[in-house]
Every structure is written in C-alpha cells, then in structure tokens.
Amino acid sequence: MFKLGAFLISYFACLMIIPPTKKIAIFASGTGTNADNIIQYFKQKKTATVALIVCNNPQAGVLKIADINNIASLIIQKEKFFKGSAYVPELRNTEIDFIVLAGFLWKIPTLIINEYRDNIINIHPALLPKFGGKGMYGNSVHEAVLSAKEKESGITIHFVDEFYDNGKTIFQTTCPVYENDTTETLAKRIHELEYKYFPKVIEELIEKKHS
Ligand code: GRF
C-alpha cells in the first residue's frame with residue numbers, strides 16, 4: 001500500500017516537472033533535406049518530435065522522407081487551404097504545437113497565422129530584408145545575390161506573419177560569396193548553414209516558449 005502511494009506521488013511529481021514532448025508540423029513543398037535533418041535531430045531529443053509533414057505537392061521528395069521515417073503526412077489542396085478551413089482542424093486534431101516552414105512555397109493563410117502566431121517560423125536562404133518577398137525562393141534568391149555582387153549571404157530564421165518573408169527575425173548567420181560562385185555552389189554553402197543551425201534554433205525556441 002505504502003509502495004503504491006510512493007509510486008503515485010513520484011509519478012505525478014514527474015508529470016508536473018517534465019513538460020510533455022511538443023509536436024512539430026513541417027510544411028515543405030520540395031526535396032525536404034531540411035525536413036529530414038530536423039526529423040533526425042529531434043529523434044535524439046525529448047523537447048519535441050516531428051509529428052506531421054504538410055505538403056502541397058504530391059510528387060515532392062519530402063513525402064518519401066515522411067514515409068521512411070513513419071511520420072504522417074497531409075497533402076493539402078489549394079481551395080481548402082486558401083478559401084476553406086486552411087486545415088486548422090487537422091492541425092488541432094494532430095495536436096500540433098509548432099509549425100516549421102522548410103521550403104514551403106504557398107503563403108500561409110490568416111486562419112493558421114491566428115492559430116499559431118509566434119509558433120510558426122520560416123527559414124529563408126539569404127539575409128532578409130534583402131532578397132525576400134514573393135517569388136524569391138530557391139535558386140532565384142541565389143541568382144539575385146550573385147547578380148547584386150554581394151560579398152556575403154546567409155540564412156534568416158524568422159516568425160511568419162501574413163506577408164512573405166516579413167515576420168520578426170529570430171536568427172541570422174552569414175557565409176562568404178566568392179567571385180566564381182554559381183547558384184549551385186552558393187546553395188550548397190547555404191544548405192550547410194541551414195543544417196547546422198535550423199534544428200537548434202527550433203529547439204531553443206520551443207524550450208523557451210514552453211518552459
Ligand atoms: C531551403 O534552402 C530553405 O531556405 C528554403 O527552401 C529550401 C528548401 O530546401 N526556404 P530543402 O527542400 O530543405 O532541401
């Protein structure tokens with residue numbers, strides 16, 4: 001009897017001390033190398049886990065990554081995303097706490113922003129506010145950086161609001177741009193920065209927010 005009482009006390013004490021693992025949804029439209037990197041990172045952590053991949057493109061590589069890692073995926077339709085519920089009920093049902101955009105090409109509807117304000121972040125492959133805005137994604141960003149003859153580029157991790165690449169910056173870091181760089185060599189250098197920093201920034205943010 002005494003043992004059961006002690007067990008119950010320590011069990012409930014643990015529940016109060018250890019915060020529950022937070023659930024991340026990653027929104028991605030393409031290959032998903034960042035998504036994969038974030039998934040692997042959080043497999044080793046207790047703070048959070050990637051619980052859902054949200055994708056607008058049924059052919060995207062990121063869906064294969066979700067499959068391999070046994071993570072649920074949700075393929076979204078334009079009409080419902082922009083003119084319907086924006087999949088907020090699905091995100092609620094999966095108990096998603098935090099949204100990470102990693103190469104997601106659609107604008108985020110206000111319904112999602114309102115539900116997840118300050119819990120939704122994006123990564124941009126340049127130093128915002130330069131080289132951001134509508135149409136600035138993938139190689140077009142690196143092309144613009146090279147044509148402007150910038151000496152450095154980098155990554156920006158920022159909160160997401162109703163406008164493209166506009167929310168408050170959380171983290172930036174830089175890398176050099178060399179005269180003989182191509183969009184491919186620059187993209188590779190930028191991806192290395194993304195792999196190194198993005199999961200850590202996500203983790204710190206979740207820990208800070210939910211402590
Ligand atoms: C990344 O460079 C990210 O900055 C941008 O989209 C790209 C996605 O790449 N938002 P991947 O699909 O994660 O390889």
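The sections below set out a description of the structure shown in this document. (Residues numbered from 1 in each chain as written. Predicted model: local features only at pLDDT ≥ 70, side-chain atom pairs only at ≥ 80, totals over all residues. Heavy atoms only, no water.)

### As for the site of the ligand
Thought 1: The environment of the ligand is formed by Thr31, Gly32, Thr33, Asn34, Gly103, Ile123, His124, Pro125, His191 and Glu194.
Thought 2: At 2.8 Å, a backbone N or O of Gly32 approaches an oxygen atom of the ligand.
Thought 3: At a separation of 2.4 Å, an oxygen atom of the ligand approaches a polar side-chain atom of Thr33.
Thought 4: Taken by itself the ligand offers 370 Å² of open surface, and the protein chains cover 84% of this.
Thought 5: If you map the ligand onto the pockets, it falls in the largest pocket.
Thought 6: Counting only elements with at least two residues in the shell around the ligand, the list comes to helix H2 (33–43), strand S5 (120–124) and helix H8 (183–210).
Thought 7: Residues that form the shell around the ligand fall into these classes: two nonpolar, seven polar and one charged. (Near = heavy atom within 4 Å. Polar contact = N/O pair within 3.5 Å; in protein donor to acceptor, adjacent residues only side chain to side chain. Areas by Shrake-Rupley, 256 points an atom, 1.4 Å probe, with all protein chains shown as cover. 1 Å grid on protein atoms, 1.4 Å probe; cavity = no way out; pocket = protein on both sides within 12 Å on 5 of 7 lines; lining within 4 Å. Sits in = over half its atoms within 2 Å of the grid points. Helix = DSSP H or I, 4+ residues; strand = E, 2+ residues; numbered from the N terminus. Nonpolar A, V, L, I, M, F, W, Y, C, P; charged D, E, K, R; others polar.)

### Here we look at H2
Thought 1: Here H2 has its buried residues at Asn34, Ala35, Ile38, Ile39, Tyr41 and Phe42. Buried positions in H2, seen along its axis, are confined to an arc of 165° and lie on one side of it. (Buried < 20%, exposed > 50% of the residue type's maximum accessible area, 1.4 Å probe, protein only. Arc of directions from axis to C-beta.)

### Description of the layout of surface pockets
Thought 1: Looking at the largest pocket, its volume works out to about 860 Å³.
Thought 2: Gly103, Phe104, Leu105, Tyr137 and Gly138 are, among the 37 residues lining the largest pocket, the residues nearest its centre.
Thought 3: Those elements giving two or more residues to the lining of the largest pocket turn out to be H2, S5, helix H7 (139–147) and H8.
Thought 4: Broken down by element, the residue count for the lining of the largest pocket peaks at four residues, all from H8.
Thought 5: When its residues are assigned to classes, the lining of the largest pocket shows 16 nonpolar, 16 polar and five charged. (Points joined across faces, edges and corners; volume = space filled by probe spheres on them.)

### Digging into the nonpolar core
Thought 1: In terms of nonpolar packing, the biggest core is built from 41 residues, with Ile24, Ile26, Val100, Ile121, Phe198 and Ile202 touching the most fellow members.
Thought 2: In terms of residue count, H8 provides more of this core than any other element does, eight residues in total.
Thought 3: Residues within four places of Val100 in sequence aside, it is in contact with Ile24, Ala25, Ile26, Phe27, Ile38, Ile121, Phe198 and Ile202.
Thought 4: One finds Ile96, Ile99, Phe104 and Val160 within the second-largest nonpolar core, a separate group that totals 23 residues. (Core = buried A, V, L, I, M, F, W, Y, C linked by side-chain atoms within 4.5 Å. Contact = heavy atoms within 4.5 Å.)

### Some words on unusual backbone geometry
Excluding glycine, residues mostly carry a negative phi; peptide bonds, for their part, are mostly trans.
Thought 1: For the bond from Leu128 to Pro129, the omega torsion is 15°, close enough to zero to count as cis.
Thought 2: The phi dihedral of Ala86 falls on the positive side, at around 60°, and the residue is not glycine.
Thought 3: With respect to the element layout, Ala86 can be found in the loop between helix H4 (78–83) and helix H5 (88–93).

### Remarks on the sheet that holds strand S4 (residues 98–101)
Whether parallel or antiparallel, the strands of a sheet pair through hydrogen bonds between backbone atoms.
Thought 1: Overall, mixed pairing links the seven strands, which are arranged S3-S2-S1-S4-S5-S6-S7 in an open sheet. This sheet does not close on itself; its edge strands, each paired only once, are strand S3 (72–75) and strand S7 (169–176). On average, adjacent strands in this sheet sit at an angle of 20° to one another, irrespective of strand direction.
Thought 2: Across seven bridges, strand S6 (residues 152–159) lies against S7 in antiparallel orientation. Along S7, the bridge assignment pairs Glu152 with Pro176. (Pairing = 2+ DSSP bridges. Axes fitted to C-alpha atoms, helices over the stretch in contact; angles between N-to-C directions.)

### Focus: the pattern of salt bridges
Thought 1: Counted under the stated rule, the structure contains seven salt bridges.
Thought 2: With a shortest N-O distance of 3.0 Å, Glu150 and Lys130 are connected by a salt bridge. Taken together, the residues span a long stretch of sequence, with Glu150 in the loop between H7 and S6 and Lys130 in the loop between S5 and H7 at a distance of 20 residues. (Salt bridge = Lys/Arg side-chain N within 4 Å of Asp/Glu carboxyl O.)

Keep in mind that these numbers describe shape and distance, not what the molecule does.
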